[in-house]
Amino acid sequence: MTSRTTPTVVRFKSAFLLPGFDAPQPAGEYRVDHDEEALEGASLIAWRRVATFIHLPAISVGGATRQMVPIEPASLEAALEQDQRQS
């Protein structure tokens with residue numbers, strides 16, 4: 001089965017907390033990866049999201065230790081919307 005990863009960058013203007021996080025994360029830009037797999041049909045290919053990961057810490061934070069944390073896309077969207085309302 002064919003798969004792909006689509007990287008994006010999201011920006012939080014304020015600290016945020018997603019379900020499953022131990023502590024709030026500081027404002028900044030974060031890399032988010034969306035993993036998808038192909039659903040092949042007779043004449044076209046469609047993609048289904050199978051996982052979403054956020055990379056911690058923020059892009060601007062130096063250091064050798066980084067982690068990819070699985071998240072729910074809906075939770076990320078809700079946190080981004082809340083962040084926009086706060087500014």
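So, here's what we can say about the structure. (Residues numbered from 1 in each chain as written. Predicted model: local features only at pLDDT ≥ 70, side-chain atom pairs only at ≥ 80, totals over all residues. Heavy atoms only, no water.)

1. Considerations on the overall build of the protein
(1) Moving on: The number of helices and strands found in the protein is one helix and four strands.
(2) Moving on: Along the protein, helices (α) and strands (β) appear in the sequence β-β-β-β-α when read from the amino end.
(3) Moving on: By its C-alpha atoms, the protein is 45 × 35 × 20 Å across when sized along the principal axes.
(4) Moving on: A burial count over the protein gives 30% of its 87 residues as buried.
(5) Moving on: Sequence separation of 24 or more characterises 45% of the internal contacts of the protein that already satisfy a separation of 6 or more.
(6) Moving on: Here the protein carries 8 positive and 11 negative side-chain charges, and the mean point of each set is 5 Å from the other. (Helix = DSSP H or I, 4+ residues; strand = E, 2+ residues; numbered from the N terminus. Buried < 20%, exposed > 50% of the residue type's maximum accessible area, 1.4 Å probe, protein only. Contact = heavy atoms within 4.5 Å. Lys, Arg positive; Asp, Glu negative; His and termini not counted. Charge placed at Lys NZ, Arg CZ, Asp CG, Glu CD.)

2. Comments concerning the sheet that holds strand β2 (residues 28-40)
(1) Moving on: In spatial order, the strands read β1-β2-β3-β4; together these four strands make up an open sheet with antiparallel pairing. Strands with a single pairing partner mark the edges of an open sheet, and in this sheet they are β1 (3-12) and β4 (67-70). Averaged over all pairs of adjacent strands, the angle between their axes in this sheet comes to 35°, without regard to strand direction.
(2) Moving on: In this structure, β2 lies alongside strand β3 (residues 45-56), joined through nine bridges in antiparallel fashion. Bridged to E36 within β3 is R49.
(3) Moving on: The strands that helix α1 (residues 73-86) touches are β1, β2 and β3; relative to β1, the one it contacts most, it runs at about 20°. (Pairing = 2+ DSSP bridges. Axes fitted to C-alpha atoms, helices over the stretch in contact; angles between N-to-C directions.)

3. A short note on the environment of V61
(1) Moving on: Mapped onto the elements of the fold, V61 is located in the loop between β3 and β4.
(2) Moving on: Under the relative-accessibility criterion, V61 is labelled partly exposed at 36%.
(3) Moving on: Residues V61 and E29, 32 residues apart in the sequence, show an inter-C-alpha distance of 9.6 Å.

4. Considering the packing of aromatic side chains
(1) Moving on: Tallying each qualifying case throughout the model produces four aromatic pairs.
(2) Moving on: Their ring planes at 55° and their centres at 6.4 Å tell us that F16 and F21 sit as a pair that is tilted. F21 carries the same exposure label as F16, and that label is buried.
(3) Moving on: A ring pair is formed by F16 and Y30, whose centres lie 5.1 Å apart and whose planes are at 85°; its orientation type is edge-to-face. Of the two residues, F16 sits in the loop between β1 and β2 while Y30 sits in strand β2, which places them 14 residues apart along the sequence. Taken as a pair, F16 and Y30 share a single burial class, namely buried.
(4) Moving on: Aromatic ring contacts, followed pair by pair, group F12, F16, F21 and Y30 into a single cluster. (Phe/Tyr/Trp six-rings, centres within 6.5 Å; stacked < 30°, edge-to-face > 60°.)

5. What about the nonpolar core?
(1) Moving on: Ranked by size, the top nonpolar core spans 15 residues in total, and within it F12, F16, F21, Y30 and I54 carry the most contacts.
(2) Moving on: Broken down by secondary-structure element, the contributors of at least two residues to this core are β1, β2, β3 and α1.
(3) Moving on: Of all the elements, α1 adds the most residues to this core, at three residues.
(4) Moving on: Those residues in contact with F21 that sit more than four places away from it in its chain are F16, I54, L56, V69 and I71. (Core = buried A, V, L, I, M, F, W, Y, C linked by side-chain atoms within 4.5 Å.)

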